[in-house]
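Spelled out, the chains give:
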Amino acid sequence: MKAEEKKRFLSQPVEHIDITQFDARPLVEAMGRMAYSARDLARAAEIYNRMLADPDCGIILCLAGSLISAGLKKVFVEMIRSNMVDVVVATGANLVDQDFFEALGFRHYQAERILKTGVYDDQLRELHIDRIYDTLIDEDQLRICDETVRHIADSLPPRPYSSREFLVVMGQYLAEGRAQCEHSIVLEAYRQGVPLFCPAFSDCSAGFGLVMHRAARRGEPTVAIDSAKDFDELTQIKILCKQTGLFMIGGGVPKNFAQDVVVAADVLGVPAPMHKYAIQITVADVRDGGLSGSTLVEASSWGKVDSSFEQMVYAEATLAVPLLVSCAWHQGYWKARTRRNFNAVLDQLAPVEQSP
């Protein structure tokens, strides 16, 4: 009986939007002749096209919030595949609980409208169904994702890894015939040499897998995630690249991490210019002083973001991102970009440590 009830709740999968199938340029251009958020979005599209057309600019994509579960996965996969981004900084939820989870063959599901009220959350918990606003996830399948991360950690020599290094191994795991779908950020980044950074890597399904890995090896050497190494690696990219642009969705840790590398380079005695371009799509407010809603002009006071080409877009990501990225994809400046393959560059700069 419970199995049938669970099946009823998990019956309508979330479908990911494909920005290659529609040309948003006419709409975005028309929005540029309007006002308010429409004009802000059009200017953000113009700035993103500037990033793509600038041969010296390395583009850093920052992902916060529950974006993959909402249907934006194909957008980010296409950005990586089409060389529209050189580095990704994201939350673990986006990369592991959602993207890697789907790559293993699982799905996110649309929730009925009544479920958003929370009146059925006790029932969902009994059925092992997790809710993210109006999307649902099978908790039993999420535990398989946890176990898969543990299996990957168990297979590695025990030592500290940057989240980038560990995510490369996760991408390799999928590339070795285990991916159940072709559209995966972790898989495509592995194929294209695009670094994935997750500064709070344990704050997701990966954390549960690593806890299980450590618990089975009390008193023995284990795999660990070195967040300082993450910071150093992204700072080295900034130093090498010099000119950089930020495409930020949401805020939080990914936003701060990516902005801070300018200051980190200066601390290391290798001053690097502020991020030349910056876009942020957010619904956060500035009034609580939190980073997610802080303006890019404010970041200029910290010496992180140049104020010449910056644009805040106060809009929800599932509305704004497909329009902005479709506009840039169809404009086609990405076709002339050189693929940087920063994964290979970082591996050459800092050879992999040998296990004890």
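Remember, it's a predicted structure, so these values are computed and weren't measured experimentally.

Student: Residue-level account of the sheet that holds strand 3 (residues 109–110), with values.
Tutor: Pairing within the open sheet is antiparallel, and its three strands lie in the order 3-5-4. For this open sheet the edge positions go to strand 3 and strand 4 (129–132), each flanked by a neighbour on one side alone. Where strand 4 lies against strand 5 (residues 135–138), four bridges are found, and the strand directions are antiparallel. For Arg131, the partnering residue across the bridge sits in strand 5 and is Leu136. Against the sheet, helix 7 (residues 139–154) engages strand 4 and strand 5, with an angle of about 60° to strand 5.

Student: Provide a residue-level description of a nonpolar patch on the surface, including the pertinent values.
Tutor: A contiguous nonpolar surface patch, about 270 Å² in accessible area, is contributed by Ile114, Val119 and Tyr120. Assignment of secondary structure puts Ile114 in the loop between strand 3 and helix 6 (121–126).

Student: Talk me through the packing of helix 8 (residues 163–178) against helix 9 (residues 185–192); I want residue IDs and the actual numbers.
Tutor: The description of two packed helices rests on the angle between their axes and on the distance between the axes. At their nearest, the axes of helix 8 and helix 9 sit 8 Å apart, and the two run at 100° to each other. Here helix 8 is positioned roughly perpendicular relative to helix 9, judged by the angle of their axes. Here Leu167, Val168, Met170, Gly171, Gln172, Leu174 and Ala175 of helix 8 come into contact with helix 9, specifically with Val186, Leu187 and Tyr190. The residue makeup of the contact of helix 8 with helix 9, split by class, is eight nonpolar, two polar and no charged.

Student: Now, about the nonpolar core: what can you tell me, with residues and values included?
Tutor: Membership of the largest hydrophobic core comes to 79 residues, with the highest contact counts inside it found for Tyr48, Phe76, Met79, Phe166 and Met170. One finds Cys62, Val87, Leu234 and Ile237 within the second-largest nonpolar core, a separate group that totals 17 residues.

Student: Explain the side chain of Asn343 residue by residue, including any values.
Tutor: Position of Asn343 relative to the elements: it lies in helix 15 (residues 342–349). In this structure Asn343 comes out as buried when scored by relative accessible area, which is 8%. In terms of polar contacts, Asn343 uses its side chain to reach the backbone carbonyl oxygen of Val194, at 3.5 Å.

Procedures and definitions
- Residues numbered from 1 in each chain as written.
- Predicted model: local features only at pLDDT ≥ 70, side-chain atom pairs only at ≥ 80, totals over all residues.
- Heavy atoms only, no water.
- Pairing = 2+ DSSP bridges.
- Helix = DSSP H or I, 4+ residues; strand = E, 2+ residues; numbered from the N terminus.
- Contact = heavy atoms within 4.5 Å.
- Axes fitted to C-alpha atoms, helices over the stretch in contact; angles between N-to-C directions.
- Patch = residues over 30% accessible without salt bridge, like charges linked within 9 Å, V, L, I, M, F, W, Y side chains within 5 Å.
- Areas by Shrake-Rupley, 256 points an atom, 1.4 Å probe, with all protein chains shown as cover.
- Salt bridge = Lys/Arg side-chain N within 4 Å of Asp/Glu carboxyl O.
- Parallel < 35°, antiparallel > 145°, perpendicular 65-115°, else oblique.
- Nonpolar A, V, L, I, M, F, W, Y, C, P; charged D, E, K, R; others polar.
- Core = buried A, V, L, I, M, F, W, Y, C linked by side-chain atoms within 4.5 Å.
- Buried < 20%, exposed > 50% of the residue type's maximum accessible area, 1.4 Å probe, protein only.
- Polar contact = N/O pair within 3.5 Å; in protein donor to acceptor, adjacent residues only side chain to side chain.

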